[in-house]
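Secondary and tertiary structure notes
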Amino acid sequence: MTTVQDVVRAPARRLGVLRRPQATTGFWSWFTTIDHKKIGIMYATTAVTFLVIGGVEALLLRLQLAGPNGNLMTAAQYNELFTMHGTTMVFLMGMPLAVGVANYLIPLQIGARDVAFPRLNAFGYWGFLMGGLFIYSSFFIGGSAPNGGWFGYTPLTSTPLDRGFLPGHGPDFWAVGLIMLGIASTTSAINFIVTILNLRAPGMTLMRMPVFTWMMLVTAFLTLFAMPIITAALIMVYFDRNFGTNFFQPAAGGDPLLYQHLFWLFGHPEVYILILPGMGIVSEILPVFSRKPLFGYAVVVFSGIAIGFIGWGVWAHHMFATGLGPVAISAFGLSTMVIAVPTGVKIFNWLATVYRGAVRLKTAMLFALGFIAMFTLGGLSGVLHSVVPADTQQTDTYFVVAHFHYVLFGGLVFALFGGFYYWFPKLYGRFLDERLGQVNFWTMLIGFNLTFFPMHFVGLLGMPRRTYRYDSGLGWDFMNLLETIGAFIIAFSVLVFLVNAIVSRRRGTPSGHDPWDARTLEWSTPSPPPMYNFAEIPQVESRDDYWHHKYTEDESGHAVRLPSGAAVAVEERTAGGGDDGHGDGHGEGHGIHMPSPSYFPFILALGLPVLGYAAVFQLIWLVPLGALPLLFGMYAWAIEPQTE
Amino acid sequence: MTEQQVAIPPSQEVAEAGHAAPETTTGVSNTKLAMWLFLSSDCLFFGAFISAYLFYRSRSQAGPKPQDVYNIPFTSVTSFVLLMSSLTMVLALAAIMRGDYRRLRIWLLATALFGATFIGGQVFEFTEFYRQGLTLHKNLFGSTFFVLTGLHGAHVTAGIIWLLSLWGLAAQGRLTAGDSEKVEIAGLYWHFVDVVWIVIFTVVYLIPH
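Residues numbered from 1 in each chain as written. Chains lettered and ligands numbered in written order. Predicted model: local features only at pLDDT ≥ 70, side-chain atom pairs only at ≥ 80, totals over all residues.

Turning our eyes to something else, we now look at the overall build of chain B. Counting its regular elements, chain B contains seven helices and zero strands. Within chain B, the fraction of its 209 residues that count as buried is 39%. A separation threshold of at least 6 residues defines the contact pool for chain B, and within that pool the share at least 24 residues apart is 76%. (Helix = DSSP H or I, 4+ residues; strand = E, 2+ residues; numbered from the N terminus. Buried ≥ 20, exposed ≤ 12 C-beta atoms within 10 Å, placed from the backbone. Contact = placed C-beta atoms within 7 Å.)

Take a look at the structure:
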């Protein structure tokens, strides 16, 4: 891979339409950047903002439910808030936050200088941002925010506006906005797959790749195949609402269950799209803080792939209460039990990794351990759902709410926070504060369990989901109050993290390039890494290559640090720390040609929300206005050379 | 693992700078791999609509029914034209790889024209069906038929615009033998759209109701 960037550039032919942006720093550079690290930070910052917004929505919901007969909001407002809470946390927080972390790390972990398609990468971010802003704009225009649930079941959502069960344009915003987000996440999935398959450093075979990169590869394939299915379903919903088609209209013979099949055929792989990146992150953290290699690397990888495959065969367990018939529910009940096996295998591998390791309980490690515990609880309640009679009892109760918050919050969010503490020094060369980190972790663990554990009980006591108020005397009052208190403890915990991140970015303790004595390639470059990542593309000789450059083993199998001279030589080789001595002028990154910044991904993405408004309000005159930036961006992009 | 080195055509970026082919880990160029991935994703997109069509077959509550409106000989002809456009697409690729730019322009334009003929046929067909009372709203057949074939038509239209853009570049002499992969990738998309039509034509038109 060295040859691409190393070529001496021929005199540039002028092909661009606008003068090529040059700046790589300053405010405007964020609009034109194609650096995967900057884009990763943009994804993460935006997604954390949406995490806060979705969190505030959750707090409002919990305030309404804090006691019986809550009167903070109307039923309609409650519908909007729980719909937007779910939509935000899945599409605007979970997926893009994982994509952001992956954006930053994948090229560094596989020894590449950027992703395969840097401009497409920028477009993916702008598409995500535009889609998010578009959906949220429905709070201000169109009469109503999305209000049919994050799953948008038909015929509730698909019944046309004039006969509508749902007031306002909410479901239109929801359908069109999710199509936009689908376009963005499909481009990023394609980009990740090509990057991981094609841009690996010499010697970085598939089975030497860090597990996080592996899990993102599986995730990208799931995204690639899941998004078109929901896009199709959303197009049907949109056409039903706006052009009078009958896809889900029972009066014309349409079957609302078709929508549920399409949605969950997307929706269940989506669950793994959300959790696999979390599994990848803890698979990076646990070995480093246990000073042991990951136990059963190959098994962990193949379990991830197995989850990726079996994840396509379990969707109907979301539909056990719809009357699919005994054969179908038995089959899907069984496949749901089967998918617990590779997940359980992974949990035992993680435990074996920690077992008898030299464990350092830093915040990152605490979150990783918290992940294992919480995710296991969520997994256990998940297996309960494979037992069809039990599931039928629990469907649409708070038991289900408890279950999926244990896997997605206790799973993905705990892993992501662990990842923040682990990789923050890589991004900024400074640690996140450890004391605040401990507060962050323990308040989150306590708040999380206080919020979601009682939901198991109120669910079993029959409290239905999505209900905006309940009577007293049903035995739910005290536990609902506990849940609300827990939610505010979580909010406090997130606040501690935000303060920590903002303060530590500038004033944290300097960390050096390899503060955790880590194992993977990203730690072999300076922190923060230079724009070109690696002064010289590394030669990979083994799994955990960087570790093996630092340590060797004595006869009894204990790690022995190599003489510092050797380690320094490694750092010179991989990090460009030497004054030169390579004879090729790469010592400080001279002569490396990186892709140039570009306006066009942003301009192209600007067209999306305009077309979205045209679709929602059926404004024909708006179509050319949206098509203009779209086509201009597309053509200008196509004839603009990647590097100038 | 496909670690072996395979001879590959020059990729876009490097061809522009006039340098030798880059090595990718798999040997397949980035852009070509990306196109294959996109097409695999698009398969599921069409798959969902084709499934919906099959699921709702013969469940329409009102007429017109498929057999009332279909004109199989007419659609067979336009389908044949679309299939032939795949042949001209291959000829265009062969021409650019030989450096025969005159034939490249001819075959690119021919492919676009064949595609446009198909779209013309589709517009005629839609109008004809509409005259006979079939609308999006009329029954399930109308909903599933128009949305499925309409989305396919949109794909073909995008392909025609792409081909004409390439033809424009070729007419200015800016599409040379080093850029043959650009034609090849447009070709992948074009053949895919063709293959999808074969499935749609078989499932929607030919299988008796």
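Residue and element names in this part refer to chain A. Helix length check: helix α9 (residues 297-310), at 14 residues, gives a terminal C-alpha distance of 20 Å against a target of 20 Å (1.5 Å per residue), a fit within 8%. Those residues of α9 not exposed but buried are Y297, V300, V301, S303, G304, I307 and G308. Buried residues of α9 fall within an arc of 160° about the axis and therefore sit on the same side. Contact partners of the buried residues in α9: α7 (211-243), α8 (256-290) and α10 (326-354). (Expected span 1.5 Å × (residues − 1). Arc of directions from axis to C-beta.)

Another aspect to go through is the interface of chain B and chain A. Interface extent is often summarised as the accessible area lost during association of the parts. Contacts between chain B and chain A engage 36 residues on the former and 40 residues on the latter. Put simply, the parts of the chain that give the side of chain B that touches chain A at least two residues each are α1 (12-17), α2 (30-55) and α6 (140-171) of chain B. No other element matches α2 of chain B, which puts 14 residues into the side of chain B that touches chain A. In terms of residue class, the side of chain B that touches chain A is made up of 17 nonpolar, 13 polar and six charged. (Nonpolar A, V, L, I, M, F, W, Y, C, P; charged D, E, K, R; others polar.)

This brings us to the environment of M204 of chain A. Looking at the element boundaries, M204 of chain A is found in the loop between α6 (170-198) and α7. Separated by 403 residues in the primary sequence, M204 of chain A and G607 of chain A have C-alpha atoms spaced 39 Å apart.

Right, let's get into the packing of helix α11 (residues 363-386) of chain A against helix α13 (residues 398-428) of chain A. Residues and elements named next belong to chain A. Two elements in contact, α11 and α13, have axes whose closest approach is 8 Å; the angle formed by their N-to-C orientations is 165°. Considering their axes alone, α11 and α13 lie roughly antiparallel with respect to each other. In the crossing of α11 with α13, the sense of the turn from one axis to the other is left-handed. (Axes fitted to C-alpha atoms, helices over the stretch in contact; angles between N-to-C directions. Parallel < 35°, antiparallel > 145°, perpendicular 65-115°, else oblique. Left-handed = near helix turned anticlockwise from the far one by under 90°.)

A separate point is the nonpolar core. Grouped together as the largest cluster of nonpolar side chains are 236 residues, with contacts concentrated most on I193, A233 and I285 of chain A. The element contributing the most residues to this core is α7 of chain A, with 24 residues. (Core = buried A, V, L, I, M, F, W, Y, C linked by C-beta atoms within 7 Å.)

Time to look at the packing of α6 of chain A against α7 of chain A. All names here are of chain A. In the contact formed by α6 and α7, the axes pass within 8 Å of each other and the chain directions differ by 155°. The angle between α6 and α7 places the two elements in the roughly antiparallel class. Regarding α6 and α7, the two cross each other, and that crossing is left-handed.

With that settled, the discussion passes to the environment of G626 of chain A. Residues and elements named next belong to chain A. Looking at the element boundaries, G626 is found in helix α19 (residues 622-639). With 433 residues separating them along the chain, G626 and I193 place their C-alpha atoms 30 Å apart. Sequence-distant contacts of G626, defined by excluding residues within four places in its chain, comprise G607, V610, L611 and A614.

Each full turn of the α-helix corresponds to 3.6 residues, which orients residues three or four apart in the same direction. Residue and element names in this part refer to chain A. With 29 residues, α10 should reach 42 Å at 1.5 Å per residue; the first-to-last C-alpha distance of 43 Å fits that figure. Buried within α10 are the following residues: I329, F332, G333, T336, I339, P342, T343, K346, W350 and T353. The secondary structure elements touched by the buried residues of α10 are α8, α9, α11 and α12 (388-394). Phi turns positive one or two residues past the end of α10, at R356, with a value near 60°.

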